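Examination of the molecular architecture
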Amino acid sequence: MEWEAVIGLETHVQLLTKSKIFSGASTAYGAEPNTQACAVDLGLPGVLPVLNREAVRLAVKLGLAIGATIQPRSVFARKNYFYPDLPKGYQISQYELPIVSDGRLEILPEGAAAKTVTIVRAHLEEDAGKSLHEDFHGMSGIDLNRAGTPLLEIVTAPDLRSAAEAVAYLKKLHTLVRYLEVSDGNMQEGSFRCDANVSVRPRGHEKLGTRTELKNLNSFRFVERAIEFEIERQIEVLEGGGTIAQETRLYDPDRHETRSMRSKEEAYDYRYFPDPDLLPVVLDEAFIEAVRGTLPELPDARRERFARDYGLSAYEAEVLTASRELADYYEEAVRASGNAKLSAHFVMGDILGALNKEGREISAAPVGPALLGGLIRRIDDNTISGKLAKQVFESMWAGEGDADAVIAKKGLRQITDSGAIEQAVDQVLAANPQQVEQFRAGKDKVLGFLVGQIMKATQGKANPAQVNELLLKKLKG
Amino acid sequence: MSLSEDDVKRIARLARLEIGAGDAPRYAHDLSAILAFVEQMGAVDTAAVTPMAHPLDAVQRLREDAVTEGDARAAFQAVAPRVERGLYLVPRVIE
């Protein structure tokens, strides 16, 4: 039988605020345990939550960017369960009336057709603390610094049909939240976490199969591998005549498998109800429009503009708009150099290559866009050849100064003086009479050899166009 | 609506309440009576009524995003039963 996978994703995005969603404690990452957990975060008796305006603003911003409905009235609810890293015994979340609903994101999975993914809802909620299960004399250690950190949980419809589509969606969403400066998207620090609901059904059937929920997918690679594994596992169970249990499964990257996490008997019943400590959140048109005014050019629009205005290929435009910082860098380089194509060539090749090798971000590139622009201008005005530009670039990357300084210091200025070039041409012709004969006998291929010899004689500094022209004139003359 | 003894045991587990072995039938009876009492409200036609999220007819005030709380760990941990290396220690939990 042929099977079809059906996947829905829930992504928890940590919002980029200074303070927590309901308290004035800091959200900075990496502090000493429990030094950023105040009375509200600890759930001490008598405290009241007060909603952070910035968390609301960021949720609305994301909602507007995905063409969603911003609910004029949303309500916080209590989601009840017991766990030591949740001191109140409930998580404040949104249930029946989320702040954002009915949005969409267009994805372009590798080697497949474009597809629109429906985002059913996005709701505000607080994060829980962290439990450390390493041995504290048979006890668990609790760090509540993360408790109360603002999250936006973004939920898709079961629109995705493969692990590749799921990854394409997540990468798109990841790019978007960073573009919008809604989240730093740092996956290592848990700012962008994903759960996947996976089921399979015979192809052509309408009815959904029983789904499992996969947790602990903290990298794009794990998402892909965990979903692939889970699809295979479910198909195997069903083809063996078994049934799928609705359960939560944990992905183990070391063993590359998913394991059941909670048994059915322990099924949670969260008993949601409106939180009496918080009033309904009412947003007026002015608030929403003010947020709309802060939206930057979105990644899709920017990609199209890059292709159109800079004459880039679809692929180049895609790579250069992968992050807002990279796209900004590229545009500044274009402004500084006046050459869009060469800027794209350098950013995608030399810059990204060097950054990748050193594991650095574009913001930490030792050669900034203005410096790169200076280098490209020296190629355009024939001061250096494209080949030598690579050498100049490497020196600039090593911090040896701007293009002009490196060119002067290393004596790399291109030879455009035709007298000097002519001298080199004559020398090479005199030293290679055999090749000259061959060329005159119609063997055009030796031309490349002769050009190479001349470039070598000038340490690569001769202007290649001039070399070609002079050489041909002499050989034919 | 009436609750079975199993319903009562399940609710008790979710609420982490310990119920004596012989007490479940009595709780099932009493809780069912409460639900039956509330159920009378089902007779009211609420089709045109917006569900109430809060008894106060007011709107949530928003706070500016500023860090106003400093580190008070020492004070909070002074009343905790057990702490170590800055962590609160609790009976071990593993899913």
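For the structure, see preceding data.
Before going into details, it helps to say that this report is about the structure given with it.

Conventions and cut-offs
Residues numbered from 1 in each chain as written. Chains lettered and ligands numbered in written order. Predicted model: local features only at pLDDT ≥ 70, side-chain atom pairs only at ≥ 80, totals over all residues. Heavy atoms only, no water. Helix = DSSP H or I, 4+ residues; strand = E, 2+ residues; numbered from the N terminus. Rg over C-alpha atoms; globule rule 2.2 N^0.38 Å. Buried < 20%, exposed > 50% of the residue type's maximum accessible area, 1.4 Å probe, protein only. Contact = heavy atoms within 4.5 Å. Lys, Arg positive; Asp, Glu negative; His and termini not counted. Charge placed at Lys NZ, Arg CZ, Asp CG, Glu CD. Pairing = 2+ DSSP bridges. Axes fitted to C-alpha atoms, helices over the stretch in contact; angles between N-to-C directions. Parallel < 35°, antiparallel > 145°, perpendicular 65-115°, else oblique. Left-handed = near helix turned anticlockwise from the far one by under 90°. Nonpolar A, V, L, I, M, F, W, Y, C, P; charged D, E, K, R; others polar. Expected span 1.5 Å × (residues − 1). Buried area = accessible area lost by both parts, 1.4 Å probe. Salt bridge = Lys/Arg side-chain N within 4 Å of Asp/Glu carboxyl O. Polar contact = N/O pair within 3.5 Å; in protein donor to acceptor, adjacent residues only side chain to side chain.

What follows concerns the overall build of chain B. For chain B, the helix and strand inventory stands at three helices and three strands. A globule of 95 residues ought to have a C-alpha radius of gyration of about 12 Å, yet chain B, at 23 Å, is considerably larger. Relative to its full complement of 95 residues, chain B shows a buried share of 21%. Counting contacts in chain B only where the partners sit at least 6 residues apart, residues at least 24 apart contribute 29% of the total. Across chain B, the centroid of the 11 positively charged side chains sits 10 Å from that of the 15 negatively charged ones.

Moving on, we get to the overall build of chain A. Looking only at helices and strands, chain A has 16 helices and 17 strands in total. Whereas a compact globule of 477 residues would reach a radius of gyration of roughly 23 Å, chain A reaches 30 Å, over 25% beyond that. Oriented by its inertia axes, the alpha-carbon framework of chain A measures out at about 95 × 55 × 55 Å. Looking at chain A as a whole, 52% of its 477 residues are labelled buried. Sequence separation of 24 or more characterises 68% of the internal contacts of chain A that already satisfy a separation of 6 or more. On chain A, the mean spot of the 58 positive side-chain charges and the mean spot of the 69 negative ones are 4 Å from each other.

Time to look at the sheet that holds strand β10 (residues 139-143) of chain A. One open sheet holds the four strands; their spatial order is β9(A)-β10(A)-β3(B)-β2(B), and the pairing between them is antiparallel. Each edge of the sheet is formed by a strand with only one pairing partner; in this case those strands are β9 (130-136) of chain A together with β2 (83-84) of chain B. Here four bridges tie β10 of chain A to strand β3 (residues 87-91) of chain B, and the two strands are oriented antiparallel to one another. Residue pairing for β3 of chain B: Met 139 of chain A is matched across the bridge by Pro 91 of chain B.

Attention now moves to the packing of helix α13 (residues 418-431) of chain A against helix α15 (residues 446-457) of chain A. Residues and elements named next belong to chain A. At a minimum axis distance of 9 Å, the contact between α13 and α15 shows a crossing angle of 125°. Judged by the inter-axis angle, α13 sits oblique to α15. Remark: the crossing between α13 and α15 carries right-handed chirality. For the pair α13 and α15, the contacting residues are Ala 424, Val 425, Val 428 and Leu 429 in the first and Leu 450, Gln 453 and Ile 454 in the second. The residue inventory of the contact of α13 with α15, partitioned by class, reads six nonpolar, one polar and no charged.

Residue and element names in this part refer to chain A. Its 12 residues give α15 an end-to-end C-alpha distance of 17 Å, which sits within 8% of 16 Å, the value for a rise of 1.5 Å per residue. The set of residues buried in α15 consists of Val 446, Leu 447, Leu 450, Val 451, Ile 454 and Met 455. Lining the buried residues of α15 we find α13, α14 (433-440) and α16 (464-476). Following α15 by one or two positions, Gln 459 adopts a phi angle in the positive range, close to 55°.

By a frequent convention, interface size equals the accessible area lost on bringing the separate parts together. On the side of chain A, 56 residues touch chain B, which itself brings 39 residues to the contact. Carbon and sulfur atoms make up 57% of the surface buried where chain B meets chain A, a total of about 4300 Å² over both sides. The shortest N-O distance in the salt bridge between Asp 269 of chain A and Arg 10 of chain B comes to 3.6 Å. Joining chain B to chain A, the criterion identifies 22 residue pairs in polar contact (both at pLDDT 80 or more). Every element with two or more residues in the side of chain B that touches chain A is listed here: α1 (5-14), β1 (62-63), α3 (73-77) and β3 of chain B. Considering every element that reaches the side of chain B that touches chain A, the biggest residue donor is β3 of chain B, with five residues. Here the residues of the side of chain B that touches chain A are counted per class, giving 18 nonpolar, six polar and 15 charged. Sheet analysis places strand β2 (residues 51-52) of chain A next to β1 of chain B, joined by two bridges and oriented parallel. Paired with Leu 51 of chain A across the bridge in β1 of chain B is Leu 62 of chain B.

Residue and element names in this part refer to chain A. Taking burial as the measure, the 11 residues of strand β12 (residues 192-202) include 10 buried ones, the bulk of the element. As judged from the 11 bridges shared by strand β1 (residues 3-14) and β12, these two strands associate in the antiparallel manner. Residue pairing in the sheet places Trp 3 in a bridge with Pro 202 of β12. Relative to strand β13 (residues 212-217), β12 runs antiparallel, the two being bridged by four bridges. Its bridge partner being in β13, Ala 196 is matched across the sheet by Leu 214.

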